[in-house]
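# Fold and contact review
Each chain is listed here by its residues.
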Amino acid sequence: MTSRIPRDSRLRIVRPRPLAAAPAAVAERRARRPAPRPPEGTPPRARLAAMAREGLADAVRVARWAEAALPRGGPAARPAAPADGEGTLSEATAARAAGELGLTPAKVRADWDTARLAGLVEVHGGVARPGWRLRAWDRDDSAVLRGWVALFDAWSLVHPGPDELTPAAGAEVIEAVPQLLTLLQLSDGPVPVTQLLDLLEQRVEELRTQRCEIPYGPRTEPAAEPAEDVPLATLLDWALHGLAAVGALTYADGHATLTPLGSWAVWVRLEQICVAAQSPAGNIEQPAEEMLRGCARLRPQSARSEYRAWLAARPVGSAVAELLEAARGEDAMVRSLAFEALRVVGAPAEAEVRAAAEDALLRPYALLWLAEHDGTDPEDAPLVLSRQEATWLWVDTAAAVADHGEAPLLVRHLEAAVQPTVPALLADVRAVGHPRTVQVLVALAAAHPDPALAKAVRRAAFQVHTGGA
């Protein structure tokens with residue numbers, strides 16, 4: 001019996017569709033709300049990326065020298081702090097780079113540190129290797145801007161603090177800097193340092209009050225003289241010089257002014273805070289798999305908001321790795337949702353998704369993700385899959401429906417098959433070797449209302465189970 005029999009009209013041939021591409025989801029995708037725009041006057045992303053490339057040109061030069069001159073995976077670095085895995089350039093390598101690049105060893109070290117902070121170089125256990133941002137540097141503006149933002153976030157490591165700086169005082173200033181940057185952005189022009197100092201004093205006082213540093217209870221002895229703190233004016237000067245060193249602002253003549261890159265970065269951080277505060281289901285603190293399961297019952301738009309909130313609370317690299325790890329589990333529904341979350345990540349996940357395409361379990365999902373990332377219409381993306389890959393995806397999706405959906409939905413899933421007839425579908429399903437094939441066929445046979453078709457599906461399940469042809 002084939003899908004051409006009139007009473008089996010639900011099995012008519014339709015164009016393959018992506019996972020969970022129900023009409024409502026497609027309509028919602030087309031009606032997606034536009035992304036928030038940065039403040040008026042912010043240069044286009046291409047111009048911002050050009051500014052970031054210019055500011056990080058020296059760091060890129062050293063990183064590319066290391067990639068070309070050192071053996072792949074060679075010991076370009078030694079651990080500076082074994083506890084956190086940070087790495088500094090070895091003396092011999094710094095001297096060699098200085099000679100070949102016409103720089104001083106100190107300049108090479110500074111550029112190397114900048115490259116590490118911007119993600120151009122990754123150091124693992126004392127071994128350096130190019131980061132994904134370096135490989136995408138010339139073609140991907142998003143990679144460039146994310147690298148610059150990573151450096152912007154690490155401003156306190158770029159410019160050395162005063163010798164008398166204590167960890168507590170440094171932490172206070174670092175925590176107060178976002179408020180100073182917000183004032184600079186709202187002012188949209190030069191701000192006197194005296195005004196920034198007043199705001200810093202207020203913020204530090206608030207932080208100390210929150211920690212209840214004022215002794216509680218009656219005093220029986222005269223209070224000891226407090227240790228002399230570093231003047232806040234000195235700490236403000238350190239912060240402004242650090243932010244100027246990464247290109248976030250200009251600092252001269254007693255005034256500070258955000259650069260276009262700095263203003264854009266402040267806006268990005270404020271948007272992320274707003275997104276993280278708008279979690280519809282409260283899954284921000286959950287690991288990836290639990291977050292994805294929590295999103296399973298949400299409408300597509302609400303689920304995307306949840307993905308954005310979850311991603312905003314994590315470094316992009318670790319978030320992508322965690323999503324792919326969840327996708328490798330046994331639950332096909334989690335696998336599908338993991339790649340929906342990776343669609344929200346966008347370009348920064350490209351390298352990891354390309355690597356995942358080598359994994360048979362993830363390959364169809366990864367190929368669809370890459371096709372859509374390259375600009376293919378989501379409804380046409382399944383055309384990039386081979387017949388075998390499409391069949392694997394059909395079985396995997398059917399497994400998700402069988403585990404978490406309803407019987408009618410499993411029957412309608414037959415429409416997504418690329419095969420023109422049910423016998424052809426069953427033949428390919430038997431050959432594809434998906435570990436859930438038997439369970440999917442048994443569930444489909446139990447759900448289908450046509451007794452003859454259900455019998456054929458049941459027979460196919462028995463043949464797979466017993467290893468028959």
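First, a word on what this report is: a plain description of the structure on this page. This is a predicted model, so every value here is computed, not measured. (Residues numbered from 1 in each chain as written. Predicted model: local features only at pLDDT ≥ 70, side-chain atom pairs only at ≥ 80, totals over all residues. Heavy atoms only, no water.)

### Structural notes on helix H14 (residues 300–312)
Given a rise of 1.5 Å per residue, 13 residues ought to cover 18 Å, and the 18 Å separating the end C-alpha atoms of H14 matches this to within 8%. Along H14, the residues that are buried comprise Ala303, Arg304, Glu306, Tyr307, Ala309, Trp310 and Leu311. (Helix = DSSP H or I, 4+ residues; strand = E, 2+ residues; numbered from the N terminus. Expected span 1.5 Å × (residues − 1). Buried < 20%, exposed > 50% of the residue type's maximum accessible area, 1.4 Å probe, protein only.)

### Thoughts on the pairing of strand E7 (residues 255–258)
A regular strand carries its side chains on alternate faces of the sheet. Alternating positions in E7 separate cleanly, Ala256 and Leu258 being buried on one face and His255 and Thr257 remaining unburied on the opposite face. Sheet topology places strand E6 (residues 249–252) next to E7; 4 bridges connect them, and they run antiparallel. Pairing of Tyr251 across the sheet is with Ala256, part of E7. Here E6 hands over to E7 after 2 residues, with Asp253 in that stretch at a positive phi of 55 degrees. (Pairing = 2+ DSSP bridges.)

### Looking at unusual backbone geometry
Despite not being glycine, Asp253 shows a phi value in the positive range, around 55 degrees. The exposure class of Asp253 is exposed, given its relative accessible area of 77%.

### Some words on the environment of Asp374
Among the secondary structure elements, Asp374 is positioned in the loop between helix H18 (363–373) and helix H19 (387–404). Asp374 gets classed as exposed once you look at its relative accessible area, which sits at 54%. As a C-alpha pair, Asp374 and Ala347 span 27 residues in sequence and 9.7 Å in three-dimensional space.

### Comments concerning the side chain of Asp140
Locating Asp140 in the fold gives a position in the loop between helix H6 (132–135) and helix H7 (141–153). For Asp140, the residues in contact, after removing those within four places along its chain, are Arg53 and Ala347. (Contact = heavy atoms within 4.5 Å.)

### Regarding the pattern of salt bridges
This structure, assessed with the given rule, holds 19 salt bridges. Note that Asp58 and Lys107 form a salt bridge whose closest N and O atoms lie 3.1 Å from each other. One end of the pair, Asp58, is in helix H3 (residues 57–69); the other, Lys107, is in helix H5 (residues 105–117), and 49 residues separate them in sequence. Residue classification places Asp58 among the partly exposed residues on the basis of a relative accessible area of 38%. (Salt bridge = Lys/Arg side-chain N within 4 Å of Asp/Glu carboxyl O.)

Just geometry here; none of it tells us what the structure is for.
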